[in-house]
Amino acid sequence: MGLLQLGTPLGWDKAKDAAGQVREWGIEQLLTIWRKNKDKERAMLLWGDEIEYLVVELDQEQQKARLSLSQAEVLQALSEDKELQKHGPIVPDYQGGEVVKNQATLPTFHPEFGRFMLEATPGKPWSIDFKDLLEVEEDMKLRRVIAKQHMGKGQYPVTLTTFPRLGTKDDFITPYYPPSGPALRSQFVPDEIANPHIRFPTLAANIRSRRGRKVELNVPVFHDDKTQWPFHDPTVNYHMHNWPEDDDVRNGAAKENCVYMDAMAFGMGSCCLQITFQAKNINEGRVLYDQLSPLGPILLALTAATPIYKGFLVDTDVRWNQISRAVDDRTREELGEVPLKNDRWQIPKSRYASNSTYIAQDSRLRPEYLDPNLVIDQKLKQRLLDGGMDDMLATHFAHLFIRDPLVIFAEDLKELDVNGSNHFENLQSTNWQHMRFKPPPPDNPNIGWRVEFRSMEIQMTDFENAAFSIFIVLLSRVILSFDLNLYIPIPRTTENMEVAHRREAVLNDKFWFRKNPFPRKTTPSPSPPLQPQHHDTNQTSSEKPTVNGFANSASGAHSSDLPPVDDEYCLMTVNEIINGPGSMAGDKGSQFPGLIPLVRHYLSSLNVSVTTRCQLERYLDLIAGRANGSLWTNSKWIRHFVREHPEYKHDSAVSEKVTYDLINTVVADIEQREDWSSKNGAGWEISRSLDQEPDCIAIVPDHPQYVVIGTYSLSA
Ligand code: ADP
Ligand code: MG
Ligand code: MG
Ligand code: MG
């Protein structure tokens, strides 16, 4: 989340008129940033994770779990804690491209959209030293402990993607506010559910106003044995007359067999796990952006953790599309529902969606991979080209800049600060694609070009969050060291993103993926090159002439040598993609070596100590197990928990008691951990295995305690 600026925000009627000015000024700021930083070299790769929490309050007396709207109080308590501050600088400290190894830097906490949410990041970015990698899990545990210590009685930082009963008719928030406020106009949630900082209600209200009606989320309900069919969401009120938008449901907004939701909070109130990498220079950043992009949907399926919405089991496993719809500000014209009259173009995707551009100046990037439906603002692109930017990057930003800025502060329209970034960030930070290319911030000359990987769902335990973070970091190393080529056409990634939503897609569905990831010079073979290669990413645009934004293929393989694009990729299971050939009987279609074998090969090529290797293997085992089905996704585990609960009536409804038991179970391990917070290396080991009793998720080998999930109790 960007900085929270104060000022006088414009309502949509005024913001609309200022949109063009903000875009033009944003492009000028981008050009300044790009010019200053295009030749910048960073010595080292840095990376950082973001963990988002729900603050949940457990009422043991009433056996109820409620979302606690205590974000401000928790952040206040954290900022006033003298003990915490004593431990040293919270702001990352750099010198000459190196992160200075100060004394332990404590994690930082940030506000988020939901007034029941909290975000925590490491106090300073990690290096890719193995020493740092092995600190991540402990740091994540520490963050949770610190957060917990600054919460009120009975409150817990919970890493579920969504609160199962957000938007139900009962008092699911504390303190309680009745629904239907002027900003969201939701019939299910009050405006007080959002962070009260003026940015957030304005954002929500302007999305709604721009769109011309409330946002609309319809998630297919899970059809259980006793679910009434056809299903009509029983929580929808068709008789409200507080706001014009109350007509939405009378006009068919709520769809049959779906759970219907109507506000930004149902999407932006979800928690995720994001990883940001700093590349050594702009070109390496562009390569990473492209190569990590096809992995977005695969990691979304592997981290699936969202089987419940508004008190119902749903038939999908992940959050992504719900957020996409929760901030979809497209008008009927832009959606193609009515002919274009006032708007400039039809737009195929929400501003929260899988990404639509490749940006690397890479001879392997074939024009056929690009999105044929890409919409760009030609005038702004021309300005970027005139300012010296290459076609490929100009196209990327000219695509992001087709959107309107949603929150504009009157004070910002007086004068352009060409050395600032507020107007640029206004558009950049409200384009929520699954990859984000982050230019250096103008106010910190030490930070380089960064790439953010944004599709993963938050996991219930810190072990899992550390495992996925470290897996992506190792993959980024493998991609650069082996010069991997994971390109597939962008529309195939868009399709994959949809597939990832299906229930148990991780096991039951197939995803488009590239068959042979090795550089063309290497004979296509299932075994990777023996030594990591060091891909020279220092090409400049003058060395690599571009035609229509496309790197001249003369510098790479001749197009006549190349197979048809469609022969380069095929449908694969997640297991084939992660574990490689022979990973499952019957999976013999592809020659893809598997991402985990590639990571292991990479680790073997380095001088990694046995201890380090064993630690890392714990994480790889989790990923491998998810992919081959021996370990469950959070989504499968939660769905199983609900369906096995004695109170569940097999009608899809997730009651207050089931929710309470679920959350109580999930936080049981946190309470234990808090007692151990002073000790290092508590050695939490989580397994969620089919071979074992599926009820048992957490085993603590070097402590006598273990947590049993399913009986809702903590055994010692
Ligand atoms: P946003 O919410 O805009 O994505 P945050 O500041 O919340 O950004 O989180 C960014 C992450 O990037 C944090 O984990 C932080 O540690 C990390 N980070 C900060 N500086 C760098 C850097 N120079 N290189 C890589 N990662 C960084
Ligand atoms: Mg966040
Ligand atoms: Mg953040
Ligand atoms: Mg982020």
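As a reminder, the structure under discussion sits directly above these lines.
Residues numbered from 1 in each chain as written. Chains lettered and ligands numbered in written order. Predicted model: local features only at pLDDT ≥ 70, side-chain atom pairs only at ≥ 80, totals over all residues. Heavy atoms only, no water.

## Some words on the overall build of the chain
At step 1: Looking only at helices and strands, one finds 23 helices and 26 strands in the chain.
At step 2: The buried share among the 716 residues of the chain stands at 63%.
At step 3: In the chain, 75% of the contacts between residues at least 6 apart in sequence involve partners at least 24 apart.
At step 4: Entry remark: accessible area of the chain is about 26,800 Å², with carbon and sulfur atoms responsible for 50%. (Helix = DSSP H or I, 4+ residues; strand = E, 2+ residues; numbered from the N terminus. Buried < 20%, exposed > 50% of the residue type's maximum accessible area, 1.4 Å probe, protein only. Contact = heavy atoms within 4.5 Å. Areas by Shrake-Rupley, 256 points an atom, 1.4 Å probe, with all protein chains shown as cover.)

## Regarding the coordination of the magnesium ion (ligand 3)
At step 1: Coordination sphere of the magnesium ion (ligand 3), protein contribution only: Glu50 (OE) and Glu119 (OE), at 2.1 to 2.2 Å.
At step 2: Between the magnesium ion (ligand 3) and the magnesium ion (ligand 2), a spacing of 3.8 Å is present, and a bridge between the two is formed by Glu119. Residue Glu50 is found in strand E1 (residues 46-59), and its partner Glu119 is found in strand E6 (residues 117-121); the two are separated by 69 residues along the sequence. Neither Glu50 nor Glu119 differs from the other in exposure class; each is buried. (Donors = N, O, S within 2.8 Å, 3.2 Å for Na, K, Ca; no water.)

## What about the coordination of the magnesium ion (ligand 2)?
At step 1: The coordination sphere of the magnesium ion (ligand 2), as far as protein atoms go, consists of Glu52 (OE), Glu112 (OE) and Glu119 (OE), spread over 2.0 to 2.2 Å.
At step 2: The exposure class of Glu119 is buried, given its relative accessible area of 4%.

## Quick notes on the pattern of salt bridges
At step 1: The full count for this structure, using the stated rule, is 53 salt bridges.
At step 2: Notably, a salt bridge pairs Arg210 with Glu334, separated by 2.8 Å at the nearest N-O pair. Highlighted residues: Arg210 in helix H6 (residues 199-211) and Glu334 in helix H12 (residues 332-335), separated in sequence by 124 residues.
At step 3: Overall, the relative accessible area of 5% leaves Glu334 in the buried class.
At step 4: A salt bridge links Glu337 to Arg332; the nearest nitrogen and oxygen atoms lie 2.8 Å apart.
At step 5: For Glu337, a relative accessible area of 45% puts it in the partly exposed group.
At step 6: Note on Arg332: relative accessible area 40%, which makes it partly exposed.
At step 7: Each of Asp59, Lys64, Arg66, Arg165, Asp170, Asp171 and Glu656 takes part in a single network of salt bridges with overlapping partners. (Salt bridge = Lys/Arg side-chain N within 4 Å of Asp/Glu carboxyl O.)

## Comments concerning the nonpolar core
At step 1: With 193 residues, the main nonpolar core has Val189, Leu295, Leu299, Leu302, Phe471 and Ile578 as its most contacted residues.
At step 2: Ranked by residues supplied to this core, first place goes to helix H16 (residues 462-481) with 13 residues. (Core = buried A, V, L, I, M, F, W, Y, C linked by side-chain atoms within 4.5 Å.)

## Some thoughts on the packing of aromatic side chains
At step 1: A full pass over the atoms with the stated rule returns 18 aromatic pairs.
At step 2: Pairing Tyr358 with Tyr487 gives two aromatic rings, centres 4.8 Å apart and planes at 80°, and the pair type is edge-to-face. In this pair, Tyr358 is assigned in the loop between strand E15 (352-353) and helix H13 (378-386) and Tyr487 in the loop between H16 and helix H17 (490-499), connecting sequence segments 129 residues apart. The exposure classification of Tyr358 matches that of Tyr487, with both residues buried.
At step 3: Each ring, one from Trp637 and one from Phe641, has its centre 5.5 Å from the other, and the planes form 40°; the classification is tilted. Of this pair, Trp637 and Phe641 both sit in helix H22 (residues 634-644), four residues apart, which is roughly one turn of the helix.
At step 4: Residue classification places Phe641 among the buried positions, given a relative accessible area of 5%.
At step 5: A network of ring pairs unites the aromatic residues Phe188, Tyr260 and Phe266 as a single cluster.
At step 6: A cation sits over an aromatic face here: Lys310 above Phe188, 3.6 Å from the ring centre.
At step 7: In this structure, Arg492 packs its charged tip against the face of Trp512, placed 5.4 Å from the ring centre. (Phe/Tyr/Trp six-rings, centres within 6.5 Å; stacked < 30°, edge-to-face > 60°. Lys NZ or Arg CZ within 6 Å of the ring centre and 35° of its normal.)

## Structural notes on the environment of Lys131
At step 1: One can find Lys131 in helix H4 (residues 130-133).
At step 2: Given a relative accessible area of 55%, Lys131 falls into the exposed group.
At step 3: As for Lys131 and Thr612, which are separated by 481 residues in sequence, their C-alpha atoms are 8.2 Å apart.

## Quick word on the pairing of strand E11 (residues 258-261)
At step 1: Across the two faces of E11 the burial is the same, with Cys258 and Tyr260 and Val259 and Met261 all buried.
At step 2: As judged from the four bridges shared by strand E10 (residues 217-220) and E11, these two strands associate in the antiparallel manner. Following the sheet pairing, Pro220 is matched in E11 by Cys258. (Pairing = 2+ DSSP bridges.)

## Some words on helix H20 (residues 595-604)
At step 1: Of all the residues in H20, the buried ones are Leu595, Ile596, Leu598, Val599, Tyr602 and Leu603. In a view along the axis of H20, the buried residues occupy a sector of 160°, so they form one face of it.
At step 2: Turning to H20, the residues buried within the fold contact H4, H16, helix H19 (574-579) and helix H21 (610-628). (Arc of directions from axis to C-beta.)

## Here we look at the side chain of Gln278
At step 1: With respect to the helices and strands, the residue Gln278 is situated in strand E12 (residues 273-278).
At step 2: On the basis of relative accessibility, which here comes to 4%, the residue Gln278 falls in the buried class.
At step 3: Within the structure, the side chain of Gln278 is placed 2.8 Å from the backbone nitrogen of Gly448, a separation counted as a polar contact.
At step 4: The contact partners of Gln278, leaving out residues within four places of it in the chain, are Arg42, Met44, Leu45, Leu46, Asn446, Ile447, Gly448, Trp449 and Arg450. (Polar contact = N/O pair within 3.5 Å; in protein donor to acceptor, adjacent residues only side chain to side chain.)

## Here we look at the environment of Arg250
At step 1: Looking at the element boundaries, Arg250 is found in helix H7 (residues 247-250).
At step 2: Sequence separation between Arg250 and Tyr238 is 12 residues; the distance between their C-alpha atoms is 6.2 Å.
At step 3: Beyond its immediate sequence surroundings of up to four residues, Arg250 is in contact with Tyr238, His239, Met240 and His241.
At step 4: Of the polar contacts made by the side chain of Arg250, one reaches the backbone oxygen of Tyr238; its length is 2.7 Å.

## Examining the packing of H16 against H21
At step 1: Two numbers describe how H16 lies on H21: the axes approach to 9 Å, and their chain directions differ by 95°. In this view, H16 runs roughly perpendicular relative to H21, as classed from their interaxial angle. Contacts from Phe463, Glu464, Ala466, Ala467, Phe468, Ile470, Phe471 and Leu474 of H16 reach H21 at Leu616, Arg618, Tyr619, Leu620, Leu622, Ile623 and Arg626. (Axes fitted to C-alpha atoms, helices over the stretch in contact; angles between N-to-C directions. Parallel < 35°, antiparallel > 145°, perpendicular 65-115°, else oblique.)

## Thoughts on the packing of H20 against H21
Two quantities define a packed helix pair, namely the angle between the helix axes and the distance between the axes.
At step 1: The contact between H20 and H21 brings their axes to 11 Å, and the two run at 170°. Classified by the interaxial angle, the pair formed by H20 and H21 is roughly antiparallel. Here Ile596, Val599, Arg600, Leu603 and Ser604 of H20 lie close against H21, whose contacting residues are Arg613, Leu616, Glu617, Leu620, Asp621, Ile623 and Ala624.
At step 2: Across the contact of H20 with H21, the residue classes tally to seven nonpolar, one polar and four charged. (Nonpolar A, V, L, I, M, F, W, Y, C, P; charged D, E, K, R; others polar.)

## Let's talk about the pairing of strand E2 (residues 64-68)
At step 1: Most of E2 sits inside the fold, with five of its five residues counted as buried.
At step 2: Relative to E2, E1 runs antiparallel, the two sharing four bridges. Bridge pairing in E2 places Asp59 opposite Lys64.
At step 3: Joining the antiparallel neighbours E1 and E2 is a turn of four residues, in which Gln63 adopts a positive phi near 55°.
At step 4: For E2 and strand E9 (residues 173-174), the ladder comprises two bridges, and the chain directions are parallel. Looking at the pairing, Ser68 lines up with Thr174 of E9.

## Let's talk about H21
At step 1: In a regular helix each residue adds 1.5 Å, so 19 residues correspond to 27 Å; H21 covers 25 Å between its end C-alpha atoms and thus fits that length.
At step 2: Those residues of H21 that sit buried are Thr612, Leu616, Glu617, Arg618, Tyr619, Leu620, Leu622, Ile623, Ala624, Gly625, Arg626 and Ala627. (Expected span 1.5 Å × (residues − 1).)

## Quick notes on the state of the cysteines
At step 1: In this structure the tally under the stated criterion is zero disulfides.
At step 2: Its sulfur unpaired, Cys271 is 7.6 Å from the next cysteine sulfur, which belongs to Cys272.
At step 3: Under the relative-accessibility criterion, Cys271 is labelled buried at 0%. (Disulfide = S-S within 2.5 Å.)

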